[in-house]
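What follows is each chain in one-letter form.
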Amino acid sequence: SVWKSGLRAVETEETSITKSIVHHVQTTIARQAYNIDEEGAYRAIAYSVRDNLIVNWNDTQMLYTRKAPKRAYYLSLEFLMGRTLDNALLNLGLKEDYQKAARKLGFEDFEELVESERDAALGNGGLGRLAACYIDSGATCELPLWGYGLRYHYGMFWQQISTDGSQVEAPDPWLNHANPWEVHRPDVSYLVRFYGHAERIGDSKAIWSGGQEVMAVAYDVPIPGSYTRNTNNLRLWDAKPKRGFDLNSFNAGDYEKAVESSNSAEALTRVLYPNDNHMVGKELRLKQQYFWTAASLADITRRFKQLGEPFSKFHEYVAIQLNDTHPTIAVPELMRIFVDEEDIPWDQAWEITQKVFGYTNHTVLPEALEKWPVPLFQHLLPRHLQIIFDLNHSFLQAVEKKWPNDRDRLTRMSLIQEGFPQYIRMAYLAVIGSHKVNGVAELHSELVRTTIMKDFVDFYGPSKFGNVTNGITPRRWLDQCNPGLSSLITETLGGDKTKWLKDLSKLEGLLSHIDDPAFQKKWADVKLQNKQRFAQFIEQTMGVKLNTSALFDVQVKRLHEYKRQSLNILGVIHRYLTIKSLNAEERAKVVPRVVLFGGKAAPGYYMAKLVIRLINNVAKVINADPDLQGILTVLFVPDYSVSVAELLIPASDISEHISTAGTEASGTSNMKFCFEDLRYNHQYHPTSLEERSPALAVVCKVIAEGRFGDGSIYEPFLNTIRTGDYYLVSDDFDSYLEAQKMVDTAYQDKVSWVKKSITTTAKMGKFSSDRAIMNYAEEYWNIEPVKLN
Ligand code: 26Q
């Protein structure tokens, strides 16, 4: 039953796997086979699996070179990959074989080996995990698709919770133990320039010289498709000083200055900025963006040149997707390459550039839209600033031609926001440089068209603005993290698992079994086992026992005011107060709940951190109260990550997505009102909290009085709700409690609950990232599968 075509040059027999592992123990990690611990065993296995990936990787890349199809490149500053071993083994169809081999070598518990791998946390949240799901789907769908990103030495920070309940950040030096999943390519490197001077020659060209040059070196991460030999590439750039040290300073005897210059080069890829949905205007961040973009474009153009085709055909071989505005500097950079380096006339260069790029927007929140001060730009990237001003000039001329004498419109649409200083609006630059712009859910794309990009829709027409609803990979998020459910689905649908795993719409077939009590029972049992697995993890890591017959109510996501973890925790306090007011007999009827929170706050986001502190201190009080034992448990799971998600999500009964309508890009819930109207009313009807929600007023009073530790700590948070309440927590509180009551009632009817759960899964087909990536391939990139046999 084991699928074997994952290997060709390397044998697949169990004995050869054992041999290969022992070989890596003795050579790659240089240890004696009888003297190996778990970590060593993990690494030897990883290197052995990597051998297989690299055989497939080489064959795939050779095929792409030989067939020379149009390729797509996904430029993302974040790839939130998580662990690799388990995923690679499942995609190769070799998990059972490796499990047996490990057992032979004395490692009984394979899952423990798998868990000794550290997460690659090169991303913040949604946007970074989306990129990881998309490259999995690209390989699975056999598309010639590469990812380009940065090799951060420190990934997303490690979150600890201090004794007072606050978040404390610690560094994540994930590369300290060599990373078996990357291949260092010192031969693939480019120099990237910063600062210096740009001198115009003629009316469109310039020479950019001087400044600082930093070397970008490639590290390749093989991305295996699921049950196919196609293995794509994720190329991550690392920064190295041009020379080991600055020779001029060294000769002058200034050793310290010489070393400093190498430090400043290496600082480029040191750390991932831990801000999600918030723009920080740090120079180093812009340097990262240009460094990564310039290296990627140099690599893409070098590959194109090897085809021997003229640049007029560039867009017939290259599609580049901009994951948010983070790589938008690619637009003027490609123009610079075309015009300054390849001598292509400006207008032709611009035509090709627009055909190459597509831009995905991930937010309409004003504080998240990227804008950079012109003086900073001028200093760091003088030539790109010239190009942006030139592009803006002809763009505004075209606007003026379409709507003569409309000064307001020109001001609104300019790439440059006027003021002191001026700012560059990166989203507008991405729009004019792309042939297609998309949002990430129906509602969000509609908001993009009607709010932030309205003028551009009027200018270009509506067909430039589309939607690609986000998706997730069913390999990692179903087959890998929920093997019990995966087996049950395969057993129910018949055939082998690849049938539904590679065509998720097949899950609809579950609906014809929905009334079968035996199937319902198995479905419920899987959930119970997942809860037990998670409860065991919580007991081991946090020392808290969970009631696995309780309803597991989960909210895991980055901490942000718009996501309203506040609404959830205030609701929990209300539930606690209500239960406390009941007598023993009434309490026995309460539907037991485990409320789980997880997620990181940006280190500089004071209010988000205050909410974490409140959640932890509420949890302390509730979990210590004997009246609530087994009825209500509240936990903040520290250091939420891809790996924690893989344990937690399969154990959940409900997941809370309770942001204000229109704020979460990919939130498609059917909330009824548009936030603008209500908020507008607010300014003119400043009613008291007591009037808006008496129930919430009580909850806030209890917090202020010190029920969960010193109430004064939470005053700034309570004030955001009492006055202003930008995210409408008080407006929604009562209806939120109503909705939670409906959940309690629904959960008591076990059969109908299981049926709801089955229906939900059965209708998930659309949300496979395979569907999403094929949508991009067909409608945005014009690329086709190239299958490796
Ligand atoms: C920008 C400039 C400077 C520093 C940091 C940033 C920055 C970094 C990360 C801005 C935004 C992000 C991340 C945004 C993000 O994760 N957005 C989420 O994207 C998901 C995938 O489309 C959506 O599902 C979520 O709704 C959206 O919030």
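Please read all numbers here as calculations on a predicted model, not as lab measurements. (Residues numbered from 1 in each chain as written. Predicted model: local features only at pLDDT ≥ 70, side-chain atom pairs only at ≥ 80, totals over all residues.)

## Some thoughts on the overall build of the protein
Logical step 1: A count of helices and strands for the protein gives 33 helices and 22 strands.
Logical step 2: Projected onto its principal axes, the C-alpha coordinates of the protein cover approximately 85 × 75 × 60 Å.
Logical step 3: Taking the contacts inside the protein whose residues are at least 6 apart along the sequence as the reference set, 76% of them involve residues at least 24 apart. (Helix = DSSP H or I, 4+ residues; strand = E, 2+ residues; numbered from the N terminus. Contact = placed C-beta atoms within 7 Å.)

## Here we look at the sheet that holds strand β1 (residues 71–75)
Logical step 1: Strand order in the open sheet formed by nine strands is β7-β10-β11-β4-β1-β12-β13-β17-β18, with mixed pairing between adjacent strands. Among the strands making up the open sheet, the edge pair consists of β7 (183–194) and β18 (465–467). Neighbour-to-neighbour, the strand axes of the sheet open up by a mean angle of 25 degrees, direction not taken into account.
Logical step 2: In terms of strand pairing, β1 meets strand β4 (residues 145–150) through four bridges, oriented parallel. Each bridged residue has a counterpart across the sheet, and for Leu 75 the counterpart in β4 is Tyr 148.
Logical step 3: Across the face of the sheet, helix α2 (residues 38–67) comes into contact with β1, β10 (212–224) and β11 (231–241) while running at roughly 95 degrees to β11. (Pairing = 2+ DSSP bridges. Axes fitted to C-alpha atoms, helices over the stretch in contact; angles between N-to-C directions.)

## Here we look at helix α22 (residues 517–542)
Logical step 1: Spanning 26 residues, α22 covers 36 Å between terminal C-alpha atoms, matching the ideal 38 Å at 1.5 Å per step.
Logical step 2: Looking at α22, one finds that the buried residues are Trp 523, Val 526, Lys 527, Asn 530, Lys 531, Phe 534 and Ile 538.
Logical step 3: Where the residues of α22 are buried, they touch α20 (483–493), β19 (551–556), β21 (632–637), α26 (642–648) and α32 (750–762). (Expected span 1.5 Å × (residues − 1). Buried ≥ 20, exposed ≤ 12 C-beta atoms within 10 Å, placed from the backbone.)

## Some points on the sheet that holds strand β14 (residues 371–373)
Logical step 1: Sheet architecture is open: three strands sit in the order β14-β16-β15, paired in antiparallel fashion. The strands lining the two open edges of the sheet, one partner per strand, are β14 and β15 (416–417).
Logical step 2: As judged from the two bridges shared by β15 and strand β16 (residues 423–425), these two strands associate in the antiparallel manner. Looking at the pairing, Ile 416 lines up with Ile 424 of β16.

## Focus on the pairing of strand β17 (residues 434–439)
Logical step 1: Most of β17 is tucked away, with five of its six residues classed as buried.
Logical step 2: Looking at chain direction, strand β13 (residues 357–360) and β17 are connected through four bridges and run parallel. Following the sheet pairing, Gly 358 is matched in β17 by Lys 436.
Logical step 3: Looking at chain direction, β17 and β18 are connected through three bridges and run parallel. Following the sheet pairing, Gly 439 is matched in β18 by Asn 467.

## Focus on the environment of Leu 234
Logical step 1: Relative to the helices and strands, Leu 234 is located in strand β11.
Logical step 2: We classify Leu 234 as buried; it has 25 C-beta atoms within 10 Å.
Logical step 3: Dropping the residues within four chain positions of it, Leu 234 is found in contact with Phe 79, Ile 135, Gly 147, Gly 149, Val 221 and Ile 223.

## A closer look at the domain arrangement of the protein
Logical step 1: Domain annotation for the protein reports domain 1 (68–83 + 118–470) and domain 2 (515–745).
Logical step 2: Placing a centre on the C-alpha atoms of domain 1 and another on those of domain 2 gives a separation of 37 Å.
Logical step 3: Opposite the 35 residues of domain 1 that make contact, domain 2 presents 25 residues.
Logical step 4: Of all the elements in the fold, those that place two or more residues in the side of domain 1 that touches domain 2 are β2 (79–82), α6 (126–140), β5 (158–161), β6 (167–170) and α17 (442–450).
Logical step 5: Partitioning the side of domain 1 that touches domain 2 into residue classes produces eleven nonpolar, 17 polar and seven charged. (Domains from an automatic or database assignment. Nonpolar A, V, L, I, M, F, W, Y, C, P; charged D, E, K, R; others polar.)

## Let's talk about α17
Logical step 1: Every buried residue belonging to α17 is among Leu 443, His 444, Ser 445, Leu 447 and Val 448, and all of these are buried.
Logical step 2: On its buried side, α17 packs onto β17 and β18.

## Here we look at the site of the ligand
Logical step 1: As a matter of local geometry, the ligand sits amid 21 residues, with Gly 126, Leu 127, His 362, Ala 665 and Ser 666 nearest to it.
Logical step 2: Looking at the shell around the ligand, the element that brings in the most residues is α6, giving three residues.
Logical step 3: Tallied by class, residues from the shell around the ligand come to eight nonpolar, nine polar and four charged. (Near = placed C-beta within 6 Å.)

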